[in-house]
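If you want the building blocks of each chain, they are given just below.
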Amino acid sequence: MAEPILGKDGKFYDLTLDPDADVNTLSFIAKPSDNPPKQPTINQEASNDTTAVHGLLERSMMQSIHSKAFNDTAGDTHRKTFDGFGLPEPLLRALSLLNFRWPSRIQSRTIPVLLGNPPRNLLGQSQSGTGKTAAFVIAMLTRIDVTENSTQGLVLAPTRELARQIMGVIQGLGQYMDVKTQFAIPAMYDRGKRFEAHIVVGAPGTTLDCVRRGTLDLGRLRMLVIDEADNMLDLQGLGEQCIRIKSTIRHSPQILLWSATFPQRIVEFSKRYAPDCLTMTLEHHELTVTGIKQMYMDCVDAEAKFGVLVQLYHVLTIGSSIIFVHQRHDATRIAERMALEGHKISVLHSALENGGVARDKVIDDFRSGRTKVLITTNVLARGIDVSTVSMVVNYDLPMDKDRNIDFPTYLHRIGRTGRFGRIGVSISFVHDKTSWAQLMEVSEHFGVTISKVPTDDIEVGLHFAHCNIFKVKANFTGMIGS
Ligand SMILES: Nc1ncnc2c1ncn2[C@@H]1O[C@H](COP(=O)(O)OP(=O)(O)OP(=O)(O)O)[C@@H](O)[C@H]1O
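Report follows, based on the coordinates. (Residues numbered from 1 in each chain as written. Predicted model: local features only at pLDDT ≥ 70, side-chain atom pairs only at ≥ 80, totals over all residues.)

## Focus: the pairing of strand β8 (residues 199–202)
Rule in force here: Partly exposed residues are those falling between the two cut-offs: more than 12 but fewer than 20 other C-beta atoms within 10 Å of their own, whereas 20 or more means buried and 12 or fewer means exposed, with C-beta atoms placed from the backbone. Helix and strand definitions follow DSSP, with helices as H or I runs of at least four residues and strands as E runs of at least two, each counted in order from the N terminus. Pairing between two strands requires that DSSP report at least two bridges joining them.
Of the two faces of β8, the one lined by Ile199 and Val201 and the one lined by Val200 and Gly202 are each fully buried. With four bridges connecting them, strand β6 (residues 153–156) and β8 associate as parallel partners. Opposite leucine 154, over in β8, you have valine 200 as the bridge partner. Sheet analysis places strand β7 (residues 181–184) next to β8, joined by four bridges and oriented parallel. Note that in β8 the partner of glutamine 182 across the bridge is valine 200.

## A closer look at unusual backbone geometry
Look at the link from asparagine 117 to proline 118: it is a cis peptide, with omega at -5°. Here proline 118 is to be found in the loop between α4 (105–115) and β5 (122–125). Despite not being glycine, alanine 187 shows a phi value in the positive range, around 65°. Examined against the element boundaries, alanine 187 turns out to sit in the loop between β7 and β8. Residue classification places alanine 187 among the partly exposed positions, given that 13 C-beta atoms sit within 10 Å. For glutamate 228, which is not glycine, the phi torsion reads 50° and is therefore positive. Among the structural elements, glutamate 228 can be located in the loop between β9 (223–226) and α8 (229–234). For glutamate 228, a count of 26 C-beta atoms within 10 Å puts it in the buried group.

## With respect to the sheet that holds strand β17 (residues 424–430)
Stated formally: Every axis in this analysis is a line fitted to C-alpha atoms, fitted for helices over the stretch in contact. Angles between the N-to-C directions lie between 0 and 180 degrees. The contact criterion used here is simple: two residues whose C-beta atoms, placed from the backbone, lie within 7 Å are in contact.
On the basis of which strands lie adjacent, the open sheet formed by seven strands has the order β14-β15-β13-β16-β17-β12-β18 and parallel pairing. Strands with a single pairing partner mark the edges of an open sheet, and in this sheet they are β14 (346–348) and β18 (451–453). With direction set aside, neighbouring strand axes in the sheet form an average angle of 25°. In terms of strand pairing, strand β16 (residues 389–394) meets β17 through four bridges, oriented parallel. Counterpart to asparagine 394 in the pairing with β17 is serine 428. Packing of helix α11 (residues 304–316) onto the sheet brings it into contact with β12 (292–298), β13 (320–324), β15 (373–376), β16 and β17, and relative to β17 it is tilted by some 170°.

As structure tokens, this is what we get:
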């Protein structure tokens, strides 16, 4: 059961999912709580502020949604606040400053386990946007000794954007500690210089290069984290690099592998990479985030997808949106055509000129809201956390190398919206029998309904898509304290 939440009237309510609601609509029933907390979780002034109440509702919604979605082999040690974990005071201060009041379920379950002695390896899985990054960053910051001048924490991530984002979390949570951090990603480190940081965040290739050159010494490493581990250990190149990095370490640091998806074949390999690891995994049907309303649009043919995107543009800019395509040149071409229609879309893919600098600018502009619609490839499918993203468009469905639908990537892509209990919409374009059948496979695979936005009357369809979202919010506002 989720934490009781405070209504506008100052009373506490328990929220449960409404079993009679349409499956496509998130609807909750609020009952006066039988077990209200002794201390109000927000003060009275804040409780009258609808933003604060919405924040609580969203958090509570996330907890309701995820409360059952966990297959935990490590015991059920649910903690109410971060205070109970025995974290260092500077870290608690940073959590408070960042307004991290309650740990998410994955955080509650993993942080105590990760801080136990002797250190245990872990394979941790939870739905997209549920706070896995903070879970491992909190554990890493607690484990390192800042009085010791050595690299004690290493985080490996598959993309530059994700590495930069993780570094932001480390620096945010470590802001009251004397922790030194450094990147091992292209154009973000000095090739000939020795690393002196306590924590290094790197791309596998660059990190391996630094270790081989002797500039990065992992001899005192305490914790190795592989984020998006199923992707990292699966891809030929990255997988091999991760293995090589580990093989250069003579001792046994604590190894943590994280992802929202862990296909079975990767689980087996992962367990060899992180021996005797505790596993916290999800079942198939638990993988989707209920706050993301999944929809599709039926386009007459492949070319018609562009026209539909043009009509969709004004909805894409209500919040922020990410459009996914299969190929880099399609991203560029679509953005250019949209510009001719008078619509601004920024492009991010791995072949952008000027390498990292251009990519950094695109993602930073998008994060800050200076740009609102971004077209990209799978390079941004995983991990990227921009809370304002309210819509994800699968212009092309994600395919694996055998041209079959790529289920994990579908899940990661749509997970760029609906972060940490927020609500979002994903729209997948289908344009022929094959793409239709593939989307049905997705629906069956994850056990979700993907409903149709009519393209014959697109305005009605979009209204429907967005109204459903607003309806959820309206339901909340109406229920609480009414
Ligand atoms: N305890 C917390 N309280 C409030 N916000 C939190 C808390 N933990 C994490 N968040 C926020 O939730 C968002 C999602 O977190 P994060 O990016 O770590 O999710 P994730 O599980 O790693 O997702 P993905 O699987 O997509 O990589 C971030 O904006 C983060 O700041």
